[in-house]
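# Secondary and tertiary structure notes
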Amino acid sequence: MKIGVDVGGTNTDAVVLGSDGVLGWKKTPTTPDVYSGIVTAIRAAKEIAGTTPDQVDCVMIGTTQFTNAVIERRSLLPVGIVRLALPAASAVAPLTDWPPDLVKSIGGHVHQVRGGYEYDGREIAPLDETAVAKAARGMKQAGIESVAVTSVFAPINGMMESRAAEIILDECPDMAVSLSGELGQFGLLPRENSTIINASLVVLARRVVEGFHRALIELGLDVPLYISQNDGTLMQARTAERYPVLTFASGPTNSMRGAVHLARIDNAMVADIGGTTTDIGMLRNGFPSQSTHFVDVGGVKTNFRMPAVLAVGFGGGSIVRNCGELVGPDSVGFELTRRALCFGGDTLTATDIAVAGGWAEVGNSGLVSHVPKSTIVAARGRMRAILDANVEKMKTDPRDLPFLVVGGGSILVDWDVRAMSGVVRPKYSSVANAVGAAIAQVSGECERVIVIVGNNREKVLDDAREEAKRNAVNAGAVEDSVEIIDVEQVPISYLPGNPTRLRVKAVGDLPI
């Protein structure tokens, strides 16, 4: 059996998943120390399922803790920034276009030195090791605990970044070092931004992961612990300590993955409807479509592997005004059970409309019996228009796919959505995020710039596929279960020789 957990900003959800599906589940408030909320949720889910610790094979946890830290500007370390690029790539300095308050948190400890590679692996300039050592001593004197190292085209050749890390650790043995070649894709500035954010989170990551381990110890669970990544796959807990940024947006991804698993559908549109917002995305072959645009996290452009998700200001707590003509985007949020009419409050919400209309059964329907029918009809029409318009924005498949609705606000939808074959609300939809964490696989990727010459196309593709599979196995996947799920080729028209950016992704099952 597997246990899946989703630690959100408001609630912590846990499910016990066996070969026959969900055996037990629990939703409980997230606690400030994180771990006690996990203990409460897992313990309750295990009791409902009748599961003993020796029956549990592993625990998978998804969390928004690191995303929230960046957005809220809390628990961030000052970061030393080392860019290996001179004499090229100096026109736009590190931290350019960052929000001033975030720059203040990160600090201005920037060092640019000679180094870097061309797209084909040739050196721009030899690495200036003396300058790197000098930068390390300066950061040590300034009390810096974490450093981000970025080199031009490091995903192609990471040797300079690795050598710079060796020099830094020789000077500062206790320094935490984040290397851009291990984190980001091509594109110097977004990859550098991602690496800086990662470096700022390393202490928080250790504390959060330690809390996860502490929870398992208290529950008597001596099993492997995995953390959800934002592409719908897993990484080992010790990897999450080094690369916390890879967890960004894992919440919506887990919800979408959990939705298709519960509904037994591989290709669908999914709406995760919460109290304040609805996240809409598309899944192909059971995995969310990835965004092709730079992703803004806390006001910073990054190149994380993020799902293409549209966040809409519509949820169970959305406030209804103007006799139903206006629904949201403002919401009572986590105060829904205190402020909504059906719970004895004084605010008309989307949930009240669903209860008054008779298609949802929560709270006390007698408390909304006075809501005029005209208001119900108008609000229902407005909610329907919101979903129709935003589903159209995200739909990239000409087929009329199923529309899966999950999350606590899924009770709002009882109508057919335009351009969809039908609305499906799977059982256990309110904890689809925890189910998504429990069913996640491990992945491996290969990304490189290639030049197709003569008949070498198939060999180049086969080599990339094999590398992606090896990376999945190295991450913990069972070799026989690994399969290629995505091959992306994008011509780089601005470089000579007609090169192409090739990215191959493989996934496989855990050995349980």
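You'll find the structure just up there.
Remember, it's a predicted structure, so these values are computed and weren't measured experimentally.

How each quantity is defined
- Residues numbered from 1 in each chain as written.
- Predicted model: local features only at pLDDT ≥ 70, side-chain atom pairs only at ≥ 80, totals over all residues.
- Heavy atoms only, no water.
- Salt bridge = Lys/Arg side-chain N within 4 Å of Asp/Glu carboxyl O.
- Helix = DSSP H or I, 4+ residues; strand = E, 2+ residues; numbered from the N terminus.
- Buried < 20%, exposed > 50% of the residue type's maximum accessible area, 1.4 Å probe, protein only.
- Pairing = 2+ DSSP bridges.
- Expected span 1.5 Å × (residues − 1).
- Contact = heavy atoms within 4.5 Å.

Further remarks concern the pattern of salt bridges. Counted according to the given criterion, the structure contains 14 salt bridges. A salt bridge links Glu166 to Arg163; its shortest N-O distance comes to 3.0 Å. With Glu166 and Arg163 both in helix H5 (residues 159-171) and 3 residues apart, this pair spans about one turn of that helix. Owing to a relative accessible area of 44%, Glu166 belongs among the partly exposed residues under this scheme. Between Asp486 and Arg503 there is a salt bridge, and its shortest N-O distance comes to 2.7 Å. In this pair, Asp486 sits in strand S22 (residues 483-491) while Arg503 sits in strand S23 (residues 500-508), placing the two residues 17 residues apart along the sequence. Asp486 gets classed as partly exposed once you look at its relative accessible area, which sits at 28%.

Here the focus is the pairing of S23. Summarising burial for S23: 9 of the 9 residues are buried, a large majority. Burial along S23 is two-sided: the residues Thr500, Leu502, Val504, Ala506 and Gly508 and Arg501, Arg503, Lys505 and Val507 are all buried. Taken together, the 8 bridges between S22 and S23 define a ladder with antiparallel strand orientation. Across the sheet, the residue bridging to Gln489 is Leu502, located in S23.

Compared with the 18 Å implied by 1.5 Å per residue over 13 residues, the 19 Å span of H5 between its first and last C-alpha is a close match. In the core, the buried residues of H5 are packed alongside strand S5 (79-86), helix H4 (129-141), strand S7 (146-151), strand S8 (176-179) and helix H6 (188-200).

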